[in-house]
Amino acid sequence: EAETVAAEAPFPTPPEFEKPAPVVHHDKLGGGVTCRVVLICLALAVLFGYIVPIIDVKLSNTFLGAAHLPPGAIGVLLLFLLVANPLLRLCAHRFAFTRNEILTVYITCLFSCLVPGHGAENFFVPNLIGPAYFATPENKWFDFLLPHLKSWFTPAISTVNGAPVYNSEAVSAWYTGLRPDQAIPWAVWITPLLAWGALVFASYIMLGCLSVMLRAQWAEREALAFPLLKLPLEMTQDVDRPAGGSL
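Parameters and conventions
- Residues numbered from 1 in each chain as written.
- Predicted model: local features only at pLDDT ≥ 70, side-chain atom pairs only at ≥ 80, totals over all residues.
- Heavy atoms only, no water.
- Core = buried A, V, L, I, M, F, W, Y, C linked by side-chain atoms within 4.5 Å.
- Buried < 20%, exposed > 50% of the residue type's maximum accessible area, 1.4 Å probe, protein only.
- Helix = DSSP H or I, 4+ residues; strand = E, 2+ residues; numbered from the N terminus.
- Contact = heavy atoms within 4.5 Å.
- Pairing = 2+ DSSP bridges.
- Phe/Tyr/Trp six-rings, centres within 6.5 Å; stacked < 30°, edge-to-face > 60°.
- Salt bridge = Lys/Arg side-chain N within 4 Å of Asp/Glu carboxyl O.

Caption draft 1: Spatial organisation of the nonpolar core. In terms of nonpolar packing, the biggest core is built from 22 residues, with Phe48, Val76, Ile102, Val105 and Cys109 touching the most fellow members. Elements that contribute at least two residues to this core include exactly α2 (35–58), α3 (71–91) and α4 (99–114). Sequence-distant contacts of Ile102, that is, excluding residues within four places in its chain, are made with Leu77, Phe80, Leu81, Asn85, Phe97, Thr236 and Val239. Within the second largest apolar cluster, twelve residues are counted, among which are Ile129, Ala132, Ala170 and Trp189.

Below, the structure is given as structure tokens:
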């Protein structure tokens, strides 16, 4: 009898023939990229682009972007959960931001806080003029670099009658400040900023494409934790419920 039961028992399926479990998507409430979210993200990017350099460089205060958990993005997340959404629900529940919309704003704030902040593009401009400003007769940096630099490469150099000329006032003003009667010398700055800005922009596009290529491997197959998203996911898990909890 035992032999009969054993014979009737199905053989276990080898692991190599088992089908992978399907990926279940729990958020079916629409995407987070809406017109109002796009406008809000652009406005926040302009705001952070203005205040972050002031806080980081001029005031030397708490970095809004250069941190493992950026305070600027967390502050925006709290404003949406504790101020914006409760006020919008007082008018009408349909006006409140969905979970996907709030997460989209948070993710864009991670980027807009980091780019102008300490440790990111704030190193970009000083590197264009630093070698010229700190050149001395002893290190001979300027004598070595001047014949090889072009006017589009750095605002420290202008071309006059085919010969490179050092823009001492433009370089010194960056480090010591403008005089009361002195305007920003945009004529020597605009071309290098556009040239190097194109390279920086292309680098960010490359990183974005790389993240799209690696998303499925990291998120679905390897199931990485993504700690920068763990906190906002926990804080917004009740946003789309009928009760409309704030946290």
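Caption draft 2: Quick peek at the pairing of strand β2 (residues 163–166). In the sheet, strand β1 (residues 157–160) pairs with β2 via four bridges, with the strands oriented antiparallel. Of the residues in β2, the one forming a bridge with Val160 is Ala163. Taking the residues between adjacent antiparallel strands as the criterion, β1 and β2 are bridged by two residues, where Asn161 takes a positive phi near 55 degrees.

Caption draft 3: Quick look at the packing of aromatic side chains. Overall, the coordinates contain eight aromatic pairs when judged by the stated rule. Taken together, a centroid distance of 5.1 Å and an interplanar angle of 80 degrees make the contact between Phe111 and Tyr204 edge-to-face. Placement of Phe111 in helix α4 and of Tyr204 in helix α8 (residues 186–221) is noted, with a sequence separation of 93 residues between them. The partly exposed category is assigned to Phe111, whose relative accessible area is 45%. For Tyr204, a relative accessible area of 27% gives the class partly exposed. With 4.1 Å between their ring centres and 15 degrees between their planes, Tyr133 and Tyr175 make a pair best called stacked.

Caption draft 4: Spotlight on the pattern of salt bridges. Per the counting criterion, the structure on display carries three salt bridges. Linking Glu101 and Arg36 is a salt bridge whose minimum nitrogen-to-oxygen distance equals 2.8 Å. Of this pair, Glu101 sits in helix α4 while Arg36 sits in helix α2; the two residues are 65 residues apart in sequence, bridging distant segments of the chain. You can call Glu101 buried: its relative accessible area is 5%.

Caption draft 5: Region of the structure containing unusual backbone geometry. We note that Lys140 has phi near 55 degrees; this positive angle belongs to a residue other than glycine. As for its position among the elements, Lys140 is in the loop between α5 (124–133) and α6 (141–145). Classification of Lys140 as exposed rests on a relative accessible area of 52%.

Everything listed here is a matter of coordinates, which is why it stays silent on function.
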